[in-house]
Amino acid sequence: MSKLLLSTSLLALGVISAAPAYANPTEDVFLGIVRDTTNAKNWQVKYLGGENTNCNAQNLCRSNETFNWAAQRSYSNGILNTSGYSTAQKVSSLGYEWNSNVPWISINKEGYSKNGYYSYVTTYTEDFSALGSYQSIEFSKLDINYVSDDHLHAIVINGVVYSSFNAEHEEYPGWKQDYTHLTLTDIAWNVDGSNTIEFIVHNNNSNSWGDGVIYDGRPSSYWNTDNATGFAATIQATYTATTIPEPETYAMMLAGLGMIGAVVRRRRNRSQ
């Protein structure tokens, strides 16, 4: 090997050794903030309509599963128009057990309201300032743990209905269950901005419920305004942060390449 080639190779090796491994950047997985229903002020709620229909001769009614709840809300660039929404309230004790690890929220503190569809919405924004300036951050997944009365009908992320979630059937007694866990991956998520997360909860009062007691000439299961409804959830996103070389590192590499070029020119001049 010639002295020129040997010197150049050693210098290049030194520059490369001093630089980080660009082909295999460092990746760190970290968790985002936790948003749950402990603080009801972080949530807004709206009754969308869709009271029970298909009542029989005894005035026992089935839930209105064909109601167009989607038409009762409007989004612009993924942001929900909250006109008509109110701040959710933490539900007080109802006299029977609602399984939950965090407080329930509803449209009022008693949790009693019409049957039909309700929109529970929260805005989720991350703070990446603690990660430093040289991080490339990508969304990985969104974990949701929830329980509802009566059933969760749809999940809407930034105005898009999450298609991989199947609406629970009308007889699903969500408040009798432990938390249901969902992992959402294929969603349009704003890493560097705000995200609107909406849950459409259906409050039912079907003919499978009711004690048969007659109030004002009608069975108890008929009444639309004396029925408990609510929602409880915990939300957390997961991200992957990839280390990006700092500007000083690029400057060092360019300086090293410049030195290599200078050595090569000097050797060529000497050999002529």
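Residues numbered from 1 in each chain as written. Predicted model: local features only at pLDDT ≥ 70, side-chain atom pairs only at ≥ 80, totals over all residues. Heavy atoms only, no water.

**So, the overall build of the protein**
Operational definition: By definition, any uninterrupted DSSP run of H or I lasting at least four residues is a helix, any uninterrupted run of E lasting at least two residues is a strand, and each is numbered from the N terminus. Here's how the labels work: a residue is buried when its accessible area is under 20% of the maximum for its type, exposed when over 50%, partly exposed in between, all with a 1.4 Å probe on protein chains only.
Across its full length, the protein carries two helices and 18 strands. When the 272 residues of the protein are sorted by exposure, 43% land in the buried category.

**Some remarks on the pairing of strand E2 (residues 43-49)**
The condition that has to hold: Here, a strand pair is defined by DSSP locating no fewer than two bridges between the strands.
Burial runs high along E2: five of the seven residues are buried. In terms of strand pairing, E2 meets strand E9 (residues 116-125) through six bridges, oriented antiparallel. Considered in E9, the bridge of Gln44 is made with Val121. Where E2 lies against strand E5 (residues 86-87), two bridges are found, and the strand directions are antiparallel. In the sheet register, Gln44 faces E5, and the bridge partner there is Thr87.

**Some points on the side chain of Thr37**
Heads up, the condition is: A contact between two residues is defined here by any heavy atoms of the two lying within 4.5 Å.
Looking at where Thr37 falls in the secondary structure, it is placed in the loop between strand E1 (27-36) and E2. In this view, Thr37 contacts Trp43, Val102, Pro103, Ile105, Phe231, Ala232 and Ala233; residues no more than four positions away in its chain are not counted.

**Let's talk about the sheet that holds strand E14 (residues 194-203)**
The sheet built from six strands is open, its strands ordered E5-E2-E9-E14-E11-E12 with antiparallel pairing. With partners counted over all chains shown, the strands left at the sheet margins are E5 and strand E12 (160-161), one partner each.

**Digging into the confidence of the model for the protein**
Under the convention used in this document: A score from 0 to 100, pLDDT tells how confident the predictor is in each residue.
Across the protein, the average pLDDT comes to 77, with 64% of residues at 70 or higher. Confidence drops under a pLDDT of 50 for residues 4-23, and excluding neighbours within four residues, the segment shows 20 contacts in the predicted structure. This model gives residues 207-211 a pLDDT under 50, and the stretch forms 12 contacts once residues within four places in sequence are excluded.

**Describing the pairing of E14**
With respect to burial, E14 is a largely interior element, nine of its 10 residues being buried. In this sheet, E14 lies alongside E9 in antiparallel orientation, the contact comprising 10 bridges. By the bridge assignment for E14, Tyr124 is matched with Asn195. Inspection of the sheet shows strand E11 (residues 151-157) paired to E14 by six bridges, in the antiparallel sense. Its bridge partner being in E14, Val156 is matched across the sheet by Glu198.

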